[in-house]
Amino acid sequence: MDLILEGVIKAFQLLISLDSEVLGIALLSLKVSGLATLFSLVIGISVGTLIALTSFPGKRILVSLVNTGMGLPPVVVGLFVSILLWRNGPMGFLELLYTPTAIVIAQTVIATPIVMGITVGAMQNLPANLRLQILALGATRTQLIWMLIKEARLPLMAGVMAGFGGVISEVGASIMVGGNVRGYTRVLTTATVMETGRGNFDIAIALSLILLLFCFVINYFLTYIQQRERPR
Amino acid sequence: MNRFSRMLSLFVALLVLTATALIPAGWAAEQKTLILATTTSTQDSGLLDVLLPMFEKQAGYFVKTISVGSGQAMKMGERGEADVLLVHSPESEKAFVAQGFGINRKLVMHNDFLILGPAQDPAKIRGAKSAAEALKAIAKSGALFMSRGDNSGTHAKEKGLWKAAGINPEGQKWFQQTGLGMGETLSVAAEKQGYLLADRGTYLALNKKKRLGLEILVAGEPKLLNIYHVIEVNPAKWPKVNSAGAKAFSDFMVSKKAQDVIGGFGTKQFGSPLFFPDAGKKPESLGL
């Protein structure tokens with residue numbers, strides 16, 4: 001118990017003193033996972049909406065694949081992304097391995113199926129007649145899609161939270177493709193693993209608390225947007 | 001109605017802002033980088049945190065330290081995914097160099113391995129004459145032994161010691177493998193009150209911060225020396241290797257400046273040095 005208390009005290013010390021290393025690690029986590037979430041939203045919502053609104057042979061298999069992808073283990077993604085990015089590998093010329101960009105790529109791969117799966121579900125849950133009604137009112141195709149996305153905003157926001165929560169908390173991919181390089185690719189989760197290995201439990205607890213704090217603040221903000229208009 | 005879209009665009013704008021405004025200098029185009037593949041012990045003991053900033057400042061390289069086991073570090077070298085290695089697995093290092101994957105293998109420093117165990121010492125190995133004798137006693141008593149099991153330098157050493165003792169511990173009930181780094185394996189052994197082989201540096205560093213409840217039971221044999229070499233990855237095999245940087249790092253590690261730091265590292269914090277500088281010495285002088 002003492003250890004946890006010490007960790008909490010240490011966390012506040014690190015936060016209040018604005019320890020530049022911890023601050024850098026925290027900002028990098030936020031930045032990398034924020035970007036990855038952003039990319040996954042663009043890909044996930046657009047492709048997800050497309051899948052939901054069209055019908056084609058093999059749709060069920062595709063949706064099953066997307067849903068399976070929602071549980072994609074970060075280490076598996078990390079392994080494949082690092083093999084692709086090895087400098088003597090297929091995409092080595094990009095020289096991306098052990099850079100923050102590599103972590104963004106891996107995390108985008110992790111978050112996209114989550115956002116996409118939730119989008120498909122949300123869109124398919126809308127009343128079938130809604131589309132006809134909107135079209136009957138003279139909406140263009142773009143307007144239709146925008147209306148539908150707006151109608152499905154509550155579950156879509158849940159998708160954003162799930163996607164962001166999934167990537168900010170993963171460690172497997174970040175450590176493999178980022179390498180936990182000090183001051184460069186060290187994020188909150190990989191730093192926590194390393195400090196635990198070093199026996200610096202107070203710092204590890206402090207980093208975990210900062211991570212939790214981030215998750216809370218961001219989810220609070222998203223929930224605020226989501227709940228602003230109560231569902232009818 | 002439009003409040004949602006406004007809030008949403010605000011959120012997206014915020015995301016983009018944090019993403020772009022905070023990009024540090026050198027995110028994409030950084031200076032010459034050097035990939036150092038090394039063992040967990042050099043990182044977990046904190047030695048590299050002292051040495052690397054010195055090297056970076058002096059040589060102008062940005063070092064990406066990938067801390068893995070010695071086995072994996074050499075695999076990275078074999079594939080040309082690292083530029084320079086700092087490892088401690090002499091037998092496999094010799095093979096690595098002989099196969100042409102590495103060049104200019106240089107002795108950097110040493111410390112020693114310890115056989116640690118709980119104070120009650122159920123296998124009665126305290127004061128055993130040799131590591132082989134101690135391992136035999138552990139096997140006979142069936143007391144728990146925690147192995148790294150990760151192809152690291154420590155694991156390679158441990159396998160060599162079991163072989164020398166004439167015991168194959170694989171698959172035995174008392175023999176468990178963590179597959180983790182030194183720090184984690186020490187913590188697991190401490191929780192389970194098992195025996196293990198650990199390097200002195202990581203043990204001292206970790207024991208200082210967390211009372212492990214493990215004692216040094218066998219130490220001091222030449223066989224238990226833990227020797228670190230720096231090896232440059234052969235650029236003839238992999239043209240993308242940063243050979244100039246690798247050479248600079250290798251030279252730095254054996255320079256007087258770095259050797260002084262290595263020799264003094266940890267004395268203030270732990271009362272005794274964690275590593276002994278050995279640049280320029282012959283391996284034989286260490287009693288091998």
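Residues numbered from 1 in each chain as written. Chains lettered and ligands numbered in written order. Predicted model: local features only at pLDDT ≥ 70, side-chain atom pairs only at ≥ 80, totals over all residues.

Draft legend 1. Structural context of the overall build of chain B. Helix and strand counts for chain B come out as 12 helices and 10 strands. Taking all 288 residues of chain B together, 46% fall into the buried category. Contacts in chain B between residues far apart in sequence, at least 24 positions, make up 76% of those at least 6 positions apart. (Helix = DSSP H or I, 4+ residues; strand = E, 2+ residues; numbered from the N terminus. Buried ≥ 20, exposed ≤ 12 C-beta atoms within 10 Å, placed from the backbone. Contact = placed C-beta atoms within 7 Å.)

Draft legend 2. Structural detail: helix H10 (residues 243–253) of chain B. The set of residues buried in H10 of chain B consists of Gly245, Ala246, Ala248, Phe249, Ser250 and Met253 of chain B. Taken together, the buried residues of H10 of chain B touch strand E1 (33–38), helix H3 (47–59), strand E3 (84–87), strand E4 (102–118), strand E9 (225–233) and helix H11 (256–264) of chain B.

Draft legend 3. Seen up close, the nonpolar core. Counting residues in hydrophobic clusters, the biggest one holds 138 residues, and the most contacted among them are Ala102 and Ala106 of chain A together with Leu85, Ile115 and Ile138 of chain B. Counting the residues that make up this core, at least three belong to each of domain 1 (33–110 + 228–281) and domain 2 (112–224) of chain B. (Core = buried A, V, L, I, M, F, W, Y, C linked by C-beta atoms within 7 Å. Domains from an automatic or database assignment.)

Draft legend 4. Fine view of the confidence of the model for chain A. Mean pLDDT over chain A stands at 90; residues scoring 70 or higher make up 98%. Confidence, read as mean pLDDT per element, is least for helix H1 (residues 2–16) of chain A in chain A (79) and greatest for helix H5 (residues 100–124) of chain A (95). (pLDDT = per-residue confidence, 0-100.)

Draft legend 5. Structural detail: the pairing of E1 of chain B. All names here are of chain B. In terms of burial, E1 is largely enclosed, as five of its six residues are buried. Bridge count between E1 and strand E2 (residues 62–67): six bridges; the pairing is parallel. The residue bridging Ile35 from the neighbouring strand is Lys64, located in E2. Sheet topology places E1 next to E3; three bridges connect them, and they run parallel. Looking across to E3, one finds that Ala37 is bridged to Leu85. (Pairing = 2+ DSSP bridges.)

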